[in-house]
Amino acid sequence: ASPMTPRLLAVLVLLGRLGACGRTITISVGGGLPAVAVADRGDPEAAPRGTERVLTPTPWGYRAVAEPVRLGRVAERYELRYGDCGGGDCGNFRARAEVAEVRDRAPGRLDRDLWIGWSFRNGTIPPAAPGASLGVVVGQWKLGPDQPSLIRLVQRAAPAAGLPGDPTGDVVVQLDEVAGAQGWGPERNDGDICRLCSIGAARCRWIYIVINTNFGTDGAGYLRAWVNGELRCNYLGPIVSAERARTLVPGPTFRRGVFASFTRPWAEANGGAPWPTLVAYWDEVRTGASRAEVDPRVREARGEALD
C-alpha cells in the first residue's frame, strides 16, 4: 500500500472530529472503528461496582473510559454493534450492551421510596424513524430476568400525542408490566406516562436525570422524573401489578446501557441491512433517600466527590 499523504491524513482527522462530537480521535485506516480512550485502572471491561453484565458478551459492550467524562476520572461507555447478542436475545430480535445491579445489593424495594440520578450522553443513537425503530431502551427496572420491565426508558418513533413532559421528547417513561397486567391499550398510551427527553438533545452533550419512585403496588404509587432540573413526569398510580408484587425476590434491579429491544421493524424496513453502531455514556450514577443525594448538579455544587 502506498504511504498516506498529508492531505489524506488531514481528511481522516477531520472525519474523526465530525464522528466524535467535535473531539479529535484516532481512526484505523483499514476500516476499523475509532479508538476508545479506555480508563487506565484495573480491568476497564469489568462491570461497574455493584453491577454485572447482562447478556453482553463482547469486550466493547461495556468499558470504563477516560473520555468523555462528565466529572471525575472515568465514565461508563456502552457500545452495541449489529449482531451483538447473548443467550435468549439471539434469534429474538433483541441485542444489548447492558449492566444490572447485583440482586442482593440492589436498593430498590416495592412500596418504598427511592431516588436515583445520573448523567447521560448520547454518542451515536439516531432518532427513531417511524416503521423502522430498534426500540432502544436506555434504562429499566425489572424484578427478574424473564419478567417484563416495571419501568423503562424507551425510544419511540412517534410518542402518543398529548403525553406530558418534553414536547420534543422521543424517550418516554413506560410502565410495561402494569400496563400488560391491567390491559392498558391505546387509551392509556400502552403504559407510556410521559416524554422524558429527546435522544438528540443528549447528542454529544451531558444531560442530568433524576427519578423518584416507590414502585407502588396500588393507587399510592408515584413516579417523578426531572431532566436538567425540569420536572418532566409527575405520575400517581400503580407501578407494579398486585400479581407481580407477589414475586418472591428482594426488589427491582436497575439496568443501564443500550438495549435494542425489538429490531424486527428495522430489519423489515431496511431489507435486513445492519443497524448503525449504538454508543451511549453514563456517569455519576447514584441512589439515595433524597434528590440532594443523587442529583449530579446539586452534588457538584456542594463540592462532593462524584467518582
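A short tour of the structure in this document, coming up. Owing to the predicted nature of the structure, the values given are computational and were not obtained by experimental measurement. (Residues numbered from 1 in each chain as written. Predicted model: local features only at pLDDT ≥ 70, side-chain atom pairs only at ≥ 80, totals over all residues. Heavy atoms only, no water.)

### A few points about the sheet that holds strand 12 (residues 230–236)
Which entries qualify depends on this criterion: Note on pairing: DSSP must find at least two bridges between two strands before they are called paired. Elements are defined by DSSP. Helices are runs of H or I of four residues or more, strands are runs of E of two residues or more, and each kind is numbered from the N terminus. Comment: axis = line fitted to C-alpha atoms, over the contacting stretch for helices; angle = value between 0 and 180 degrees taken between N-to-C directions.
Spatial ordering of the open sheet is given by 2-3-14-5-10-11-12, a layout of seven strands whose pairing is antiparallel. The open sheet has two edge strands, strand 2 (62–65) and strand 12, and neither has a second partner. Sheet twist, expressed as the mean angle between neighbouring strand axes with direction ignored, is 25°. By the bridge criterion, eight bridges tie strand 5 (residues 114–122) to strand 10 (residues 206–213) in an arrangement that is antiparallel. Pairing of Trp115 across the sheet is with Asn212, part of strand 10.

### A closer look at the pairing of strand 6 (residues 136–142)
Within a regular beta strand, the side chains point alternately toward one face of the sheet and then the other, so they alternate between its two faces. We apply this condition: Only protein chains enter the accessibility calculation, which uses a 1.4 Å probe. A residue is then buried if its area is under 20% of the maximum for its type, exposed if over 50%, and partly exposed in between.
Summarising burial for strand 6: seven of the seven residues are buried, a large majority. With six bridges joining them, strand 6 and strand 13 (residues 253–260) adopt antiparallel strand pairing. The residue bridging Trp141 from the neighbouring strand is Phe254, located in strand 13. Strand direction decides the pairing type here: strand 6 and strand 7 (residues 149–155), joined by five bridges, are antiparallel. Looking across to strand 7, one finds that Val137 is bridged to Val154. In this antiparallel pair of consecutive strands, strand 6 and strand 7, the connection spans six residues.

### What about the pairing of strand 3 (residues 75–80)?
Buried residues dominate strand 3, accounting for six of its six residues. Alternating positions in strand 3 separate into two faces, Ala75, Arg77 and Glu79 on one and Glu76, Tyr78 and Leu80 on the other, with burial throughout. Bridging between strand 2 and strand 3 involves four bridges; their strand directions are antiparallel. From the neighbouring strand, Arg63 faces strand 3, where its bridge partner is Arg77. The pairing of strand 3 with strand 14 (residues 278–288) spans five bridges and is antiparallel.

Everything listed is a geometric property; what it means functionally is a separate question.
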